[in-house]
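# Chains, contacts and geometry: an overview
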Amino acid sequence: MLLSTVYRCVEVISDAVAQLPCKVYNVDANGYKMENKSHPAYWILNKEPNKKMSRFTFVKLLVSSMLLKGAGYAKIDRDARGNVTQLVFIPFESVTVLEDRNNIRYQVVGYKDIIENEDMICVLNFSYDGVRGVSTLSHSKKALALATDAENSASGFFRGGGNLSGVLKVQSSLTSKQKQDLKSGWNSAFNAQDGTPNGIAVLEGNMDFQPIQVNPADAQLLETRQYNVVDICRFFGVSPVKAFDLSKSSYSTVEATQLAFLTDTIAPLLQKIELEFERKIFKPSEKANIDVKFDITNLLRADKASQASYYNTLFQIGVVSPNEIRKELDLTAIEDGDKHFIQVNLETINDIVHKTDNTNA
């Protein structure tokens with residue numbers, strides 16, 4: 001996380017998921033859904049998973065742990081009737097996976113009893129066995145090592161005042177003391193630690209300075225640091241534009257990037273969490289008729305003109321009512337605003353011809 005690109009990628013992904021409301025729906029026999037705000041899990045998933053943190057903090061921790069450690073864990077506490085009462089985030093380091101032939105259980109530091117699989121939320125990152133997750137950092141360790149070395153090289157170069165090391169050549173022989181005095185004098189003239197990185201050295205007689213260090217341009221330090229941004233973003237599935245690398249961006253690419261980020265990076269992650277919530281948080285008798293979905297409206301918000309066109313299109317074909325649109329805009333309901341309307345001014349050519357003939361008759 002000390003690398004700025006890693007920090008930004010984790011922030012972008014975790015914040016994007018954490019800001020989305022998680023809605024609970026009842027599904028009828030025909031597949032139609034109705035939001036159920038009275039379900040005990042609704043408050044847990046949308047406001048306060050536990051007394052220590054808000055929904056935003058909880059989901060952000062869960063996703064960050066998944067990306068950086070390989071899995072995000074949360075213990076499910078229930079009442080006597082089986083309804084969820086809280087979700088407690090569990091640090092990755094505190095969990096030991098106990099796997100047998102037919103089941104998975106978890107041993108957690110601080111808990112006396114073994115936690116059953118149905119009482120533990122487990123959001124896996126990439127996994128080879130479906131039981132244990134692998135951190136993104138594990139797969140990208142070579143790229144991260146190169147990025148760290150580049151940052152350290154740049155830091156050392158600038159800490160040294162941007163000066164080059166080298167060899168002082170003297171045509172005659174020097175005693176050990178003369179060599180030490182000459183070296184000390186040179187260091188005192190070019191020492192970034194005491195504020196003199198760009199001093200002036202006086203070379204006596206036939207002395208000559210020959211640099212031996214490869215300079216940053218020859219080492220392609222700047223190009224390497226820029227490439228590292230793209231390479232790290234590639235592992236996290238985040239566009240470099242999201243990590244503030246705007247070197248090859250435009251307005252159109254930024255807009256396309258947001259859509260690609262939603263479909264390629266966020267959508268699969270949301271599906272992981274939704275399915276984990278559905279199969280573990282709710283009672284067995286409810287699972288067949290319960291659906292959990294993150295509301296991605298916040299990620300799809302566009303400019304006002306595009307938003308107005310979107311609502312106008314849905315209104316004209318009778319999909320939404322005026323009050324449903326006002327609810328999305330955080331406005332109060334209006335009288336008779338729950339009615340749905342459709343345009344009726346479109347007719348077939350045949351109908352128009354017959355109407356014309358009847359009028360002429």
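Before going into details, it helps to say that this report is about the structure given with it. All values derive from a computational prediction rather than experimental measurement. (Residues numbered from 1 in each chain as written. Predicted model: local features only at pLDDT ≥ 70, side-chain atom pairs only at ≥ 80, totals over all residues. Heavy atoms only, no water.)

### Focus: the nonpolar core
- Ile-13, Phe-236, Ile-266, Phe-277 and Ile-281 are the most contacted members of the largest nonpolar core, which totals 50 residues.
- Looking at this core, the element that brings in the most residues is helix H1 (residues 4-18), giving eight residues.
- Discounting residues that sit within four places of it in the chain, Ile-281 has contacts with Ala-41, Leu-45, Ile-76, Arg-78, Val-84, Leu-87, Ile-121 and Glu-276.
- In terms of nonpolar packing, the next biggest core, distinct from the first, is built from 14 residues, Ala-71, Tyr-73, Val-97 and Val-108 among them. (Core = buried A, V, L, I, M, F, W, Y, C linked by side-chain atoms within 4.5 Å. Buried < 20%, exposed > 50% of the residue type's maximum accessible area, 1.4 Å probe, protein only. Helix = DSSP H or I, 4+ residues; strand = E, 2+ residues; numbered from the N terminus. Contact = heavy atoms within 4.5 Å.)

### Re the pairing of strand E3 (residues 71-78)
- Counted residue by residue, E3 has seven buried out of eight residues, so it is predominantly covered.
- Taken together, the five bridges between E3 and strand E8 (residues 120-124) define a ladder with antiparallel strand orientation. When the sheet's bridge partners are listed, Ala-74 is paired in E8 with Ile-121.
- With six bridges joining them, E3 and strand E4 (residues 84-90) adopt antiparallel strand pairing. Directly across from Ala-74, in E4, lies its bridge partner Phe-89.
- The hairpin formed by E3 and E4 contains five residues between the paired strands, and Gly-82 there has a positive phi angle of roughly 95°. (Pairing = 2+ DSSP bridges.)

### Here's the deal with helix H3 (residues 55-69)
- An ideal rise of 1.5 Å per residue puts 21 Å on 15 residues; H3 measures up with 21 Å between its terminal C-alpha atoms.
- Here H3 lies mainly inside the structure; eleven of its 15 residues are buried.
- Buried within H3 are the following residues: Arg-55, Phe-58, Val-59, Lys-60, Leu-62, Val-63, Ser-64, Ser-65, Met-66, Leu-67 and Leu-68.
- Looking one or two places after H3, you find Gly-70, whose phi comes out positive at around 120°. (Expected span 1.5 Å × (residues − 1).)

### Some thoughts on the sheet that holds strand E7 (residues 115-116)
- Across the sheet, three strands lie side by side as E5-E6-E7; this open sheet has antiparallel pairing. With one partner strand each, in any of the chains shown, strand E5 (95-99) and E7 form the two edges of the open sheet.
- Relative to E7, strand E6 (residues 104-108) is paired through two bridges, and the arrangement is antiparallel. Bridging across to E7, Tyr-106 finds its partner in Ile-115.

### Comments concerning a negative patch on the surface
- On the surface, a cluster of negative charge is made up of Glu-324, Glu-328, Asp-330, Glu-335, Asp-336 and Asp-338.
- By secondary structure assignment, the location of Asp-338 is in the loop between helix H11 (322-328) and helix H12 (349-360). (Patch = residues over 30% accessible without salt bridge, like charges linked within 9 Å, V, L, I, M, F, W, Y side chains within 5 Å. Areas by Shrake-Rupley, 256 points an atom, 1.4 Å probe, with all protein chains shown as cover. Salt bridge = Lys/Arg side-chain N within 4 Å of Asp/Glu carboxyl O. Lys, Arg positive; Asp, Glu negative; His and termini not counted. Charge placed at Lys NZ, Arg CZ, Asp CG, Glu CD.)

### Some words on the packing of aromatic side chains
- Evaluation of the coordinates by the stated rule reveals five aromatic pairs.
- On the basis of an interplanar angle of 45° and a centroid distance of 5.8 Å, the ring pair of Phe-315 and Phe-341 is categorised as tilted. Within this pair, whereas Phe-315 is found in helix H10 (residues 304-316), its partner Phe-341 is found in the loop between H11 and H12, the two being separated by 26 residues in sequence.
- What links up through ring pairs into an aromatic cluster is the set Tyr-73, Phe-92 and Tyr-106.
- Sitting above the plane of the Phe-261 ring, Lys-242 keeps its charged end 4.7 Å from the centroid. (Phe/Tyr/Trp six-rings, centres within 6.5 Å; stacked < 30°, edge-to-face > 60°. Lys NZ or Arg CZ within 6 Å of the ring centre and 35° of its normal.)

### Notes on H1
- Taking 1.5 Å per residue, 15 residues should reach 21 Å; H1 reaches 21 Å between its end C-alpha atoms and fits that length.
- Where burial is concerned, most of H1 is hidden: eleven out of the 15 residues are buried.
- Buried within H1 we find Thr-5, Val-6, Cys-9, Val-10, Glu-11, Val-12, Ile-13, Ser-14, Ala-16, Val-17 and Ala-18.

### Points about the sheet that holds strand E1 (residues 22-27)
- The strand order across the open sheet formed by three strands is E2-E1-E13, and the pairing between neighbours is antiparallel. At either end of the open sheet lies a strand with only one pairing partner, and these are strand E2 (33-35) and strand E13 (290-294). On average, each strand axis in the sheet is inclined to that of its neighbour by 40°, with strand direction left out of account. (Axes fitted to C-alpha atoms, helices over the stretch in contact; angles between N-to-C directions.)

### Description of the pairing of E6
- Of the two faces of E6, only one is covered, namely that formed by Ile-104, Tyr-106 and Val-108; the face formed by Arg-105 and Gln-107 stays uncovered.
- The pairing of E5 with E6 spans five bridges and is classified as antiparallel. If you follow Glu-99 over to E6, its bridge partner there is Ile-104.
- Two successive antiparallel strands, E5 and E6, enclose a turn made up of four residues.
- Here E6 hands over to E7 after six residues, with Gly-110 in that stretch at a positive phi of 100°.

Shape is all these values report; function is a separate question.
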